[in-house]
Amino acid sequence: MTQPIDSLDEELKRLLQEATETLAGAKEAAEIEALRVRYLGRKGILNRYFPLLGAEGRPAEERVRLGQRLNAFKQKLEQEIFERRQALKGQAGGAPHSEDLTLPGHPTAVGRLHPITRTIDEILSIFRSLGFSPVEGPEGETEYYNFDALNIPPEHPSRQSFDNFYLKVPPSEKGRWLLRSHTSPMQIHFMEANTPPFQILVPGRVFRRDAVDASHCFQFHQVEGLAVGLNLHFGDLKGVLVAWARGMFGPEARLRFRPHYFPFTEPSAEADLACIFCRGKGCRVCGQKGWLEILGCGMVHPAVFKAVGYPPGTVGFAFGMGVERIAMLKHGIEDIRLFFENDLRFLQQFP
Ligand code: PHE
């Protein structure tokens, strides 16, 4: 027979009252401890009630109620024991608190944003003021988005397995899966789903099978930019990037554009920043060149617009920059590995 819940309630109430009264009469710590063991100890009175929670034949809502009663009992008695102990201590020492309230507190460690996150935020905020909006894309891509739609032909060396992390999963109709090697595939995703004009930024992590050293890692971050709209030309691209560089590195910042090749832009360029350490004179950081290579850019190749079904004559520009490199230049950091090691001595230097 299961005991009716109301009678159990009564019983618990009585027990608590009894315990409270005994406690009030306790004169020393040992008495309190004995009482605690009697009621709350492992083999104590309260623990005899817990098996009733699982008893067959007791409806679920009664079990919930009983569980609440038992927990309340425990909490109430623990609190009273604590208070009684404090009170006894107070009598003994003559003061209500025996703690030394003048001791310094325990400091709490406050977290902060990672320097890479902060560099991304800074890059984005400058481009935002120039009318660009951030969007994010997937880190797992298919060959179509990572290469084909970007006009990177099958025989291009950058597609080889020694350069990429191909995933061991069945291929999709868009080709094999891999971890994206750049943020450019998001150009395609975005254009497939939107019509110009627009100016977007794509911050994110990218992956390449690079051997790790002071300036290379198998993962790093990029910020991609893409602007498509009426009459955009290379001058717009330069203007946007120069404005960004001044926002990022100060009003003295200078850029130079060197012709380069990317399959998805034509014409293409690499932009170098006049060395911010020697102001272009030549030093150790810039390898005596006076210039630091910081990004790739160009006018979007017509083949890319064709891949997303935009009409002939569409114009736009794109650029892509490595975040770690920019953070390293800005803060004089000499080893890219520091960003990924989670060493607090490094991270705490970015207040
Ligand atoms: N995707 C290129 C890279 O990773 C950078 C780039 C982006 C160049 C857009 C031109 C235009 O190297």
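Residue positions are given per chain, counting from 1 as you read along its sequence in written order. Local features in this predicted model are restricted to residues of pLDDT 70 or higher, and side-chain atom pairs are both shown and tallied only at a pLDDT of 80 or more, whereas totals for entire chains, interfaces and linings draw on every residue. Excluded from the side-chain calculations are hydrogens and water; all other atoms, namely the structure's heavy atoms, are used.

### Regarding unusual backbone geometry
Now for step 1: Here the bond from P196 into P197 is cis, since omega is 0°, no more than 30 degrees from zero.
Now for step 2: Checked against the element boundaries, P197 lands in the loop between α6 (185–193) and β4 (198–207).
Now for step 3: Residue E266 is joined to P267 through a cis peptide bond whose omega torsion reads -5°.
Now for step 4: Numbering of helices and strands runs from the N terminus; a helix is a DSSP stretch of H or I covering at least four residues, while a strand is a stretch of E covering at least two. Residue position: P267 is located in strand β7 (residues 265–274).
Now for step 5: Of note in the backbone geometry, R279 takes a positive phi value of approximately 55° without being a glycine.

### A look at helix α4 (residues 115–129)
Three or four residues apart is the spacing at which side chains of an α-helix point the same way, because the helix has 3.6 residues per turn.
Now for step 1: Here α4 contains 15 residues, and its C-alpha end-to-end distance of 21 Å stays within 8% of the 21 Å for a straight helix at 1.5 Å per residue.
Now for step 2: Any residue under 20% of the maximum accessible area for its type is buried, any over 50% is exposed, and the rest in between are partly exposed; the area is computed with a 1.4 Å probe on protein chains only. Turning to α4, its buried residues number three or more, namely P115, I116, T119, I120, I123, L124, I126 and F127. One less than the residue count of a helix, multiplied by 1.5 Å, gives the span that helix is expected to have.

### Observations concerning the site of the ligand
Now for step 1: Residues are labelled near a given molecule or strand when at least one of their non-hydrogen atoms is within 4 Å of it. Contacts to the ligand come from 13 residues, most closely from H182, S184, R208, Q222 and G320.
Now for step 2: Polar contact is the term for a pair of N or O atoms within 3.5 Å; when the atoms are in protein, one must be able to donate a hydrogen and the other to accept it, and sequence-neighboring residues count only if both atoms are side-chain atoms. Between the ligand and the protein, one listed contact pairs a nitrogen atom with a side-chain N or O atom of H182 at 3.0 Å.
Now for step 3: Side-chain polar atom of Q222 to an oxygen atom of the ligand: 3.0 Å apart, as the coordinates give it.
Now for step 4: Burial of the ligand by the protein amounts to 89% of the accessible area it has alone, namely 330 Å². The protein chains shown are the only cover counted for residues, whose accessible areas, like all others here, come from Shrake-Rupley with a 1.4 Å probe.

### Quick word on the pairing of strand β5 (residues 219–228)
Now for step 1: Of all 10 residues that make up β5, 10 are buried, and the element is covered over most of its length.
Now for step 2: Summarising the sheet, β4 and β5 pair through 10 bridges and their orientation is antiparallel. For P203, the partnering residue across the bridge sits in β5 and is V223.
Now for step 3: For two strands to be treated as a pair, DSSP must find at least two bridges joining them. Note: β5 against strand β9 (residues 316–322), seven bridges, orientation antiparallel. When the bridges of β9 are listed, G225 appears paired with F319.

### Re the packing of aromatic side chains
Now for step 1: Ring pairs are drawn from Phe, Tyr and Trp, using the six-membered ring of Trp, whenever the two centres fall within 6.5 Å, and their geometry is named by plane angle: stacked under 30 degrees, edge-to-face over 60, tilted for the rest. In total, this model carries 12 aromatic pairs according to the counting rule given.
Now for step 2: Summarising the aromatic geometry, the rings of F127 and F319 are spaced 5.0 Å apart at their centres and angled 25° between planes, so their arrangement reads as stacked. You can see F127 sitting in helix α4 and its partner F319 sitting in strand β9, a full 192 residues away along the chain.
Now for step 3: Owing to a relative accessible area of 0%, F127 belongs among the buried residues under this scheme.
Now for step 4: By way of ring pairs, the aromatic residues F127, F132, W244, F249 and F319 are connected into one cluster.
Now for step 5: Look at NZ for Lys and CZ for Arg. If either is within 6 Å of the ring centre and within 35 degrees of the ring normal, a charge sits over the ring. The ring of Y144 carries the charged tip of K174 above its face, separated from the ring centre by 4.5 Å.
Now for step 6: Above the face of the Y166 ring, R176 is positioned so that its terminal group lies 4.0 Å from the ring centre.

### Observations concerning the pairing of β9
Now for step 1: For β9, the buried fraction is high: five of the seven residues fall into the buried class.
Now for step 2: The pairing of strand β8 (residues 291–300) with β9 spans five bridges and is antiparallel. Opposite G296, over in β9, you have G320 as the bridge partner.

### Here we look at the packing of α4 against helix α7 (residues 234–249)
Now for step 1: Relative orientation of the contacting elements α4 and α7 amounts to 130°, with a least axis distance of 9 Å. With respect to α7, the axis of α4 lies oblique. Crossing angle aside, the handedness with which α4 passes α7 is right-handed. Here α4 contributes T119, E122, I123, I126 and F127 to the contact with α7, which in turn contributes V240, L241, A243, W244, G247 and M248.
Now for step 2: A breakdown of the residues in the contact of α4 with α7 according to their chemical character gives eight nonpolar, two polar and one charged. All axes here are fitted lines through C-alpha atoms, helices being fitted over the stretch that makes contact, and every angle between N-to-C directions spans 0 to 180 degrees. Comment on the angle field: the value is read as roughly parallel under 35 degrees, roughly antiparallel over 145, roughly perpendicular from 65 to 115, and oblique elsewhere. What makes a crossing left-handed is the near helix being turned counterclockwise from the far one by less than a right angle; a clockwise turn instead makes it right-handed. For this analysis, residues touch if any pair of their heavy atoms sits within 4.5 Å. Amino acids outside the nonpolar list (Ala, Val, Leu, Ile, Met, Phe, Trp, Tyr, Cys, Pro) and the charged list (Asp, Glu, Lys, Arg) are all regarded as polar, and Gly is one of them.

### Overview of the domain arrangement of the protein chain
Now for step 1: Where a domain begins and ends is set by an automatic assignment or by a domain database. Parsing the protein chain into structural domains produces domain 1 (5–93) and domain 2 (115–347).
Now for step 2: Between the C-alpha centres of domain 1 and domain 2 there is a distance of 65 Å.

### Topic: the pattern of salt bridges
Now for step 1: Criterion for a salt bridge: a side-chain nitrogen of Lys or Arg within 4 Å of a carboxyl oxygen of Asp or Glu. On inspection of all chains with the given rule, the structure shows 21 salt bridges.
Now for step 2: As a salt-bridge pair, E143 and R159 come within 3.7 Å of each other at their nearest N and O atoms. Of the two residues, E143 sits in helix α5 (residues 143–146) while R159 sits in the loop between α5 and β3 (177–179), which places them 16 residues apart along the sequence.
Now for step 3: E143 sits in the buried class, given a relative accessible area of 11%.
Now for step 4: In this structure, R176 and E143 form a salt bridge, with 3.1 Å as the shortest nitrogen-oxygen distance. Within this pair, whereas R176 is found in the loop between α5 and β3, its partner E143 is found in helix α5, the two being separated by 33 residues in sequence.
Now for step 5: The network of salt bridges with common partners includes D6, D9, R65 and R69.

### Here we look at a nonpolar patch on the surface
Now for step 1: Patch construction takes residues with relative accessible area above 30% that form no salt bridge. Like charges are linked within 9 Å, and nonpolar side chains (Val, Leu, Ile, Met, Phe, Trp, Tyr) are linked within 5 Å. There is a patch of nonpolar side chains on the surface, built from I276, F277 and V285 and spanning about 230 Å² of accessible area.
Now for step 2: With respect to the helices, strands and loops of the structure, F277 is situated in the loop between β7 and β8.

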